[in-house]
Amino acid sequence: RKNEKHRDDGLHIFETENILLSFIKEYLAQKSGVTLSVFLHPKEKRPEIIDKSKKRYSEIFGNVPFQISNNDINTAFAFETIDVAVAAYSTIIYERLFCGFKTLLFAPEELIDFPIKKSSLNNITAKSKDALFSLLDKALAETTNDFFVANKLEEYKFFGLPPEK
């Protein structure tokens, strides 16, 4: 996305994304049985650059197996196909959390001060490689309910509209 001149907004988005992708590649190389599905950003799905997007991820992951999600399906309609999602600076990741799916955030502390210190989002935010690996191991072993309870995330989950009065 950097090559396509997407905005960074001063948040070190591209640098953070590259760090995260390198950590995920390393994690996958160590963990047999864990698979990766990459959900492209809508701008990466544009017909004129989709081949470049796929090539980029192939170059990043090399021999580490991964798949690109079906580009015809909106990411939100595929939430249930993924056990644990990880992202940095993505609105869709918060939608996923709101919908009740296991979600991890990545925000290296040397680049950005997020989330607010007393927020329960801290429980699912990796700020280093070791923290990411630990959070992934834990989340992959937990049920969805246990994940939300253990991380004190129940208030982020949509449970339906309040009863009418």
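These numbers were taken from a predicted model, which means no experiment stands behind them.

A. How the structure looks around the overall build of the chain. Tallying secondary structure elements over the chain gives five helices and five strands in all. Seen in sequence order, the chain has helices and strands lined up from the N terminus as α-β-α-β-β-α-β-β-α-α. Expressed as a percentage of contacts within the chain between residues at least 6 apart in sequence, the contacts between residues at least 24 apart total 53%. Total accessible area on the chain stands at roughly 10,200 Å², and carbon and sulfur atoms take up 55% of it.

B. How the structure looks around helix 2 (residues 50-61). With twelve residues, helix 2 should cover 16 Å at 1.5 Å per step; its first-to-last C-alpha distance of 17 Å lies within 8% of that length. Residues Ile-50, Ser-53, Tyr-57 and Phe-61 constitute the buried set of helix 2. The buried residues of helix 2 occupy one face: seen down the axis, they fall within an arc of 60°. Facing away from the buried side of helix 2, by more than 90 degrees, are the exposed residues Asp-51, Lys-52, Lys-55 and Glu-59. Positive phi shows up at Gly-62, right after helix 2, with a value of about 50°.

C. Structural context of the nonpolar core. Ranked by size, the top nonpolar core spans 34 residues in total, and within it Ile-24, Phe-61, Leu-104, Ile-124, Leu-132, Phe-147 and Leu-153 carry the most contacts. Listed by contribution, the elements that provide at least two residues to this core are helix 1 (13-30), helix 2, strand 3 (85-87), helix 3 (91-98), strand 4 (103-106), helix 4 (129-141) and helix 5 (144-150). The element contributing the most residues to this core is helix 1, with six residues. Ignoring sequence-local partners within four residues, the contact set of Phe-147 consists of Lys-102, Thr-103, Leu-104, Ile-124, Ala-139, Glu-142 and Leu-153.

D. Spatial organisation of the packing of aromatic side chains. Per the counting criterion, the structure on display carries six aromatic pairs. Between the aromatic rings of Tyr-27 and Phe-133, the centroid separation amounts to 5.1 Å while the plane-to-plane angle is 65°, which identifies the pairing as edge-to-face. Residue Tyr-27 is found in helix 1, and its partner Phe-133 is found in helix 4; the two are separated by 106 residues along the sequence. Owing to a relative accessible area of 3%, Tyr-27 belongs among the buried residues under this scheme. Summarising the aromatic geometry, the rings of Phe-147 and Phe-148 are spaced 5.6 Å apart at their centres and angled 75° between planes, so their arrangement reads as edge-to-face. On the basis of relative accessibility, which here comes to 1%, the residue Phe-147 falls in the buried class. In this arrangement the basic side chain of Lys-157 is found over the ring face of Phe-148, its NZ or CZ atom lying 4.8 Å from the centre.

E. Structural context of the confidence of the model for the chain. This prediction gives the chain a mean pLDDT of 87; 85% of its residues lie at or above 70. Across the chain, the element-wise mean pLDDT spans from 91 in helix 1 up to 97 in helix 4.

F. Representation of the sheet that holds strand 4 in the model. As summarised here, the arrangement of the three strands in space is 3-4-5, forming an open sheet in which the pairing is parallel. The sheet is open, and its two borders are formed by strand 3 and strand 5 (125-126), each paired with just one other strand. Both strand 3 and strand 4 contribute to a ladder of three bridges, which runs parallel. The partner of Val-86 across the bridge, within strand 4, is Leu-104. Helix 3 rests against strand 3 and strand 4 of the sheet, and its axis sits at about 150° to strand 4.

Definitions and cut-offs
- Residues numbered from 1 in each chain as written.
- Predicted model: local features only at pLDDT ≥ 70, side-chain atom pairs only at ≥ 80, totals over all residues.
- Heavy atoms only, no water.
- Helix = DSSP H or I, 4+ residues; strand = E, 2+ residues; numbered from the N terminus.
- Contact = heavy atoms within 4.5 Å.
- Areas by Shrake-Rupley, 256 points an atom, 1.4 Å probe, with all protein chains shown as cover.
- Expected span 1.5 Å × (residues − 1).
- Buried < 20%, exposed > 50% of the residue type's maximum accessible area, 1.4 Å probe, protein only.
- Arc of directions from axis to C-beta.
- Core = buried A, V, L, I, M, F, W, Y, C linked by side-chain atoms within 4.5 Å.
- Phe/Tyr/Trp six-rings, centres within 6.5 Å; stacked < 30°, edge-to-face > 60°.
- Lys NZ or Arg CZ within 6 Å of the ring centre and 35° of its normal.
- pLDDT = per-residue confidence, 0-100.
- Pairing = 2+ DSSP bridges.
- Axes fitted to C-alpha atoms, helices over the stretch in contact; angles between N-to-C directions.

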